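Descriptive analysis of the structure
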Amino acid sequence: MRTYKEVLEDGIHLLDAAAIEEAGLDAWLLLEYAADINRAWYYAHMDEILDKKTESRYLEMCAKRAQHIPLQHITGRAYFMGYEFCVDERVLVPRQDTEVLVETALTHLKDSRSPKVLDMCTGSGCILLSILKNLKQGTGVGIDISEQALEVARRNAKRLGLEAATTFVLSDLFEKAQGPYDMIVSNPPYIETEEIAQLMPEVRDHEPRLALDGMSDGLYYYRSIVSQCRDYLKEDGALLFEIGAG
Ligand code: GLN
């Protein structure tokens, strides 16, 4: 019989021993998820006994995290632009940096009436769905080459009440695209192939390689999208990218 506090300490030790960078934070986030509690509740109740079932579920989750499985793959959820997205090994975990792309898109679209948006390499659908959540009217298409990723995107669309406003299409870039769009947004795979081996194990071993690999110089998708986008954009349409730090 152990208390919340003791069990959390166990979790921290497990993650520390596995050299997880933010052991304390991740151990806490997993406890928050496993026991369905928040910080305020924890501080008022940390010396109470945690039931055995939750304890073992929690420690199993910590054991997974100790194997460098991304936290969001363990909980199955990630937050982006204030919305909750389902994520798993089929998609890239939404990154906070990418919110800048969504905010920029929204600034551009603020006066458009019922804009049509294409999200190229949509993955979890986080970019397209966050844009549409913030528009009064508007529809969007998410394209991806992975049917498995599209399954996740469709599920997210449904959860966010955007099923009617979105279509997710299996396509190799523009192959099956039907424009014209007011805007094309994209956070394409942009890691140089050779760099992938150097990435942290969470990314290298657990996120889909297809979502990372931007080919030899990391710019393959930018070149392809830029060279074809005019055929799919309206006259005054815009193309917005996220690009890597390099
Ligand atoms: N568009 C998705 C995201 O930004 C997926 C990107 C990708 O798979 N490269 O999270």
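Here, every reference points to the structure presented above.
Residues numbered from 1 in each chain as written. Predicted model: local features only at pLDDT ≥ 70, side-chain atom pairs only at ≥ 80, totals over all residues. Heavy atoms only, no water.

1. Points about the state of the cysteines
For the record, the criterion: Here, two cysteine sulfur atoms that lie within 2.5 Å of each other are counted as a disulfide. Partly exposed describes any residue whose relative accessible area lies between the buried limit of under 20% and the exposed limit of over 50%, with all areas from a 1.4 Å probe on protein chains only and scaled to the type maximum.
Counting across every chain of the model gives zero disulfides. The thiol sulfur of C126 is not disulfide-bonded, and the nearest other cysteine sulfur, from C121, lies at 12 Å. Given a relative accessible area of 7%, C126 falls into the buried group. C121 provides the cysteine sulfur closest to C229, a residue in no disulfide bond, and the two sulfurs are 13 Å apart.

2. Remarks on the sheet that holds strand β7 (residues 233-241)
Inclusion rule: Between any two strands, at least two bridges found by DSSP are needed for them to pair. The way it works is that DSSP assigns letters per residue, a run of H or I at least four long becomes a helix, a run of E at least two long becomes a strand, and they are numbered from the N terminus. Throughout, an axis means a line fitted to C-alpha atoms (over the contacting stretch in the case of helices), and angles, computed between N-to-C directions, take values from 0 to 180 degrees. Contacts between residues were defined by any pair of non-hydrogen atoms, one from each residue, lying within 4.5 Å.
Ordered by their spatial adjacency, five strands build an open sheet running β5-β4-β3-β6-β7, and the pairing between neighbours is parallel. Here the strands that pair on one side only, and so sit at the sheet edges, are β5 (166-170) and β7. The sheet shows a mean angle of 20° between the axes of neighbouring strands, direction not considered. As paired elements, strand β4 (residues 139-144) and β5 share five bridges and run parallel to each other. Among the inter-strand pairings, G142 is bridged to a residue of β5, identified as F168. Across the sheet, helix α10 (residues 220-228) is in contact with β3 (116-120), β6 (181-186) and β7; its angle to β7 comes to roughly 170°.

3. Section: the site of the ligand
Counted only if it meets this: Only a single heavy atom is needed: when it lies within 4 Å of a molecule or strand, its residue is near that molecule or strand. Polar contact is the term for a pair of N or O atoms within 3.5 Å; when the atoms are in protein, one must be able to donate a hydrogen and the other to accept it, and sequence-neighboring residues count only if both atoms are side-chain atoms. Areas reported as accessible are Shrake-Rupley estimates using a 1.4 Å probe. Residue values count occlusion only from the protein chains shown. Only protein atoms enter the calculation, which uses a 1 Å grid: trapped sets of points that fit a 1.4 Å probe without letting it out are cavities, open sets showing protein on both sides within 12 Å along at least five of seven lines are pockets, and any residue with an atom within 4 Å of a point is a lining residue. For this analysis, a molecule is said to be in a pocket or cavity if more than half of its atoms are within 2 Å of the grid points defining it. Think of it as three bins: nonpolar holds Ala, Val, Leu, Ile, Met, Phe, Trp, Tyr, Cys and Pro, charged holds Asp, Glu, Lys and Arg, and polar takes everything else, Gly as well.
In the vicinity of the ligand, the residues found are L92, T98, C121, T122, G123, C126, I127, N187, P188, P189 and A211. Here N187 contributes a side-chain N or O atom positioned 2.8 Å from an oxygen atom of the ligand. In the complex, 97% of the free accessible area of the ligand, which totals 290 Å², lies under the protein chains. Put simply, the ligand lies in the second largest pocket. Taken together, the residues of the shell around the ligand sort by class into seven nonpolar, four polar and no charged.

4. Here we look at a negative patch on the surface
Note the threshold: Surface patches are defined over residues having more than 30% relative accessible area and no salt bridge, joining like charges when they lie within 9 Å and nonpolar side chains (Val, Leu, Ile, Met, Phe, Trp, Tyr) when within 5 Å. Only one rule defines a salt bridge in this text: a Lys or Arg side-chain nitrogen within 4 Å of an Asp or Glu carboxyl oxygen. We count Lys and Arg on the positive side and Asp and Glu on the negative side, and we leave His and both chain ends out. A single reference atom marks each charge: NZ on Lys, CZ on Arg, CG on Asp, CD on Glu.
A surface patch of like charges, here negative, comprises E6, E9, D47 and E48. Its place among the elements puts D47 in the loop between α3 (39-45) and α4 (52-66).

5. Quick notes on the packing of aromatic side chains
For any pair of aromatic rings, the description consists of the separation of the ring centres together with the inter-plane angle of the planes. Stated formally: Each Phe, Tyr or Trp ring, with Trp reduced to its six-membered ring, pairs with another whose centre is within 6.5 Å; inter-plane angles below 30 degrees give stacked pairs, above 60 give edge-to-face pairs, and intermediate values give tilted ones. Lysine and arginine charges are scored as sitting over a ring when NZ or CZ, respectively, is within 6 Å of the ring centre and within 35 degrees of the ring normal.
Scanning the entire structure with this criterion turns up eight aromatic pairs. Measuring from centroid to centroid gives 6.2 Å for F80 and F85, while their planes differ by 70°, and the two rings are edge-to-face. Judged by centre distance (4.5 Å) and plane angle (10°), the rings of F174 and Y232 are stacked. Taken together, the residues F174 in the loop between β5 and β6 and Y232 in the loop between α10 and β7 connect sequence positions 58 residues apart. Given the relative accessible area of 1%, F174 is considered buried. Ring-pair connections join several aromatic residues into one group, and the members of that group are W28, Y42 and Y43. Positioned above the aromatic ring of Y181 is the side chain of K116, whose terminal nitrogen or guanidinium carbon lies 5.1 Å from the ring centre.

6. Side note on the environment of T3
Note on placement: T3 falls in the segment before α1 (4-17). T3 gets classed as buried once you look at its relative accessible area, which sits at 13%. C-alpha of T3 to C-alpha of T107: the two residues are 104 residues apart in sequence and 49 Å apart in space. Those residues within four positions of T3 in sequence are excluded, and the remaining contacts are M46, D47, E48, I49 and L50.

7. Section: the layout of surface pockets
Spelled out, the test is: Grid points are joined across faces, edges and corners, and a volume is the space filled by probe spheres set on the points.
Each pocket or cavity is described by its volume, and for the second largest pocket that value is around 480 Å³. Along the walls of the second largest pocket sit 32 residues, with C121, G123, D144, P189 and A211 positioned nearest its centre. Of all the elements in the fold, those that place two or more residues in the lining of the second largest pocket are α7 (126-133), β4, α8 (147-159) and α10. Tallied by class, the residues present in the lining of the second largest pocket amount to 19 nonpolar, eight polar and five charged.

8. So, α8
An α-helix turns once every 3.6 residues. As a result, residues three or four positions apart point the same way. Applicable threshold: To estimate how far a helix should reach, multiply one less than its number of residues by 1.5 Å. The directions from the helix axis to the C-beta atoms are what the arc is built from.
Along its 13 residues, α8 runs 19 Å from first to last C-alpha, staying within 8% of the 18 Å computed at 1.5 Å per residue. Turning to α8, its buried residues are A149, L150, V152, A153, N156 and A157. Along the axis of α8, the buried positions cluster into a sector of 160°, meaning they face one direction only. In the segment just after α8, G161 is the residue with positive phi, at about 70°.

9. Here's the deal with the pairing of β6
Within β6, six of the six residues are buried, which leaves the element mostly enclosed by the surrounding structure. One ladder, built from five bridges, connects β6 with β7; its direction is parallel. Across the sheet, the residue bridging to I184 is L239, located in β7.

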